[in-house]
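Here are the chains, one letter per residue:
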Amino acid sequence: MTAPVPRPLAAVLDGSTPPGVVPWPHDRPPREALDAARAAGWEGALLDLEGVVDKAGFMDRCARALRLPDWFGRNWDALADCLTDLSWCPADRGRVLVVCGWQRYAAAAPDDWSVAEEIIADAVGFWRDTDTGLVIVMASGREPGTRTK
């Protein structure tokens, strides 16, 4: 039996709460959040940052996990552009990005992590009042099968 979707994400997926940045419990695999979103008709991706300690690694993970377009320049402005112009990522109901393994990067590069958080928040705000909102799920746990270095 699958556990119910935690309320912060469930409320976004059912439309009772606007999309935003929501937490995911430490004891639940991050992929479950992605699965729940897809089951509700949302498009999604899992951004696993385990082992990332610098901006270059962060940008590479974003490019791969989000399948960013070829024009993505692997810099902050390009990431902001990609997240506010999601024509390359069509969605009927909305989009969800599950971020896990982020704690080490946040500790190793706090200034860069602060910029990343700001870009994420701005992108969520940009899409909030549209038919295809963006929700960011910040998972405190790790995806099973990932290793710490």
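Calculation rules
- Residues numbered from 1 in each chain as written.
- Predicted model: local features only at pLDDT ≥ 70, side-chain atom pairs only at ≥ 80, totals over all residues.
- Heavy atoms only, no water.
- Helix = DSSP H or I, 4+ residues; strand = E, 2+ residues; numbered from the N terminus.
- Rg over C-alpha atoms; globule rule 2.2 N^0.38 Å.
- Buried < 20%, exposed > 50% of the residue type's maximum accessible area, 1.4 Å probe, protein only.
- Lys, Arg positive; Asp, Glu negative; His and termini not counted.
- Charge placed at Lys NZ, Arg CZ, Asp CG, Glu CD.
- Axes fitted to C-alpha atoms, helices over the stretch in contact; angles between N-to-C directions.
- Parallel < 35°, antiparallel > 145°, perpendicular 65-115°, else oblique.
- Left-handed = near helix turned anticlockwise from the far one by under 90°.
- Contact = heavy atoms within 4.5 Å.
- Nonpolar A, V, L, I, M, F, W, Y, C, P; charged D, E, K, R; others polar.
- Pairing = 2+ DSSP bridges.
- Core = buried A, V, L, I, M, F, W, Y, C linked by side-chain atoms within 4.5 Å.
- Salt bridge = Lys/Arg side-chain N within 4 Å of Asp/Glu carboxyl O.

1. Quick look at the overall build of the chain
Secondary structure assignment for the chain yields six helices and four strands. Ordered by position from the N terminus, the helices and strands of the chain form the series α-β-α-β-α-α-β-α-α-β. At 14 Å, the chain has a C-alpha radius of gyration in line with the 15 Å of a compact globule built from 149 residues. Seen through its C-alpha atoms, the chain measures out along the principal axes to roughly 35 × 35 × 25 Å. For the chain, the residues scored as buried account for 46% of the 149 residues in total. The chain carries 16 positive and 22 negative side-chain charges, and their two centres are separated by 7 Å.

2. With respect to the packing of helix α4 (residues 76–84) against helix α6 (residues 110–127)
Between α4 and α6, the shortest axis-to-axis distance is 9 Å and the interhelical angle comes to 25°. With respect to α6, the element α4 is oriented roughly parallel. Seen from above, α4 lies across α6 with right-handed handedness. Within the contact between the two elements, α4 uses Trp-76, Leu-79, Ala-80, Leu-83 and Thr-84 and α6 uses Asp-112, Val-115, Ala-116, Ile-119, Ala-123, Phe-126 and Trp-127. When its residues are assigned to classes, the contact of α4 with α6 shows 10 nonpolar, one polar and one charged.

3. Observations concerning the sheet that holds strand β2 (residues 43–48)
Within the open sheet, the four strands sit side by side as β1-β4-β3-β2. Their pairing is parallel. Since the sheet does not close on itself, it has two edges, and those belong to β1 (21–24) and β2, each with one partner. Looking at each pair of strands side by side, their axes are set apart by 20° on average, direction ignored. When strand β3 (residues 94–100) meets strand β4 (residues 133–139), the two strands line up parallel, connected through six bridges. Across the sheet, residue Gly-94 finds its bridge partner in β4, namely Gly-133.

4. Points about the nonpolar core
In this structure, Leu-47, Phe-58, Phe-72, Trp-76, Leu-79, Trp-113 and Ile-136 are the most contacted members of the largest nonpolar core, which totals 33 residues. Elements represented by at least two residues in this core include exactly β2, α3 (55–65), α4, β3, α5 (103–108), α6 and β4. Considering every element that reaches this core, the biggest residue donor is α6, with seven residues. Once residues lying within four places of it in the same chain are set aside, the contact partners of Trp-76 are Lys-55, Phe-58, Met-59, Tyr-105, Asp-112, Val-115, Ala-116 and Ile-119.

5. So, the environment of Pro-90
For Pro-90, the position within the fold is in the loop between α4 and β3. Residues Pro-90 and Pro-110, spaced 20 residues apart in sequence, show a C-alpha to C-alpha distance of 32 Å. When near neighbours in sequence (up to four residues on either side) are disregarded, Pro-90 contacts Glu-43 and Arg-95.

6. Here's the deal with the pattern of salt bridges
For the structure shown, the criterion picks out two salt bridges. Across the pair Arg-28 and Glu-32 runs a salt bridge whose closest N-O atoms are separated by 2.6 Å. Judged by relative accessible area, Arg-28 falls into the buried class, the value being 13%. Judged by relative accessible area, which is 29%, Glu-32 ranks as partly exposed. Measuring nitrogen to oxygen at the nearest pair gives 2.8 Å for the salt bridge that ties Asp-60 to Arg-74. Remark: Arg-74 occurs in the loop between α3 and α4 and Asp-60 occurs in helix α3; sequence separation between them is 14 residues. Exposure remark for Asp-60: the relative accessible area of 31% places this residue in the partly exposed category.

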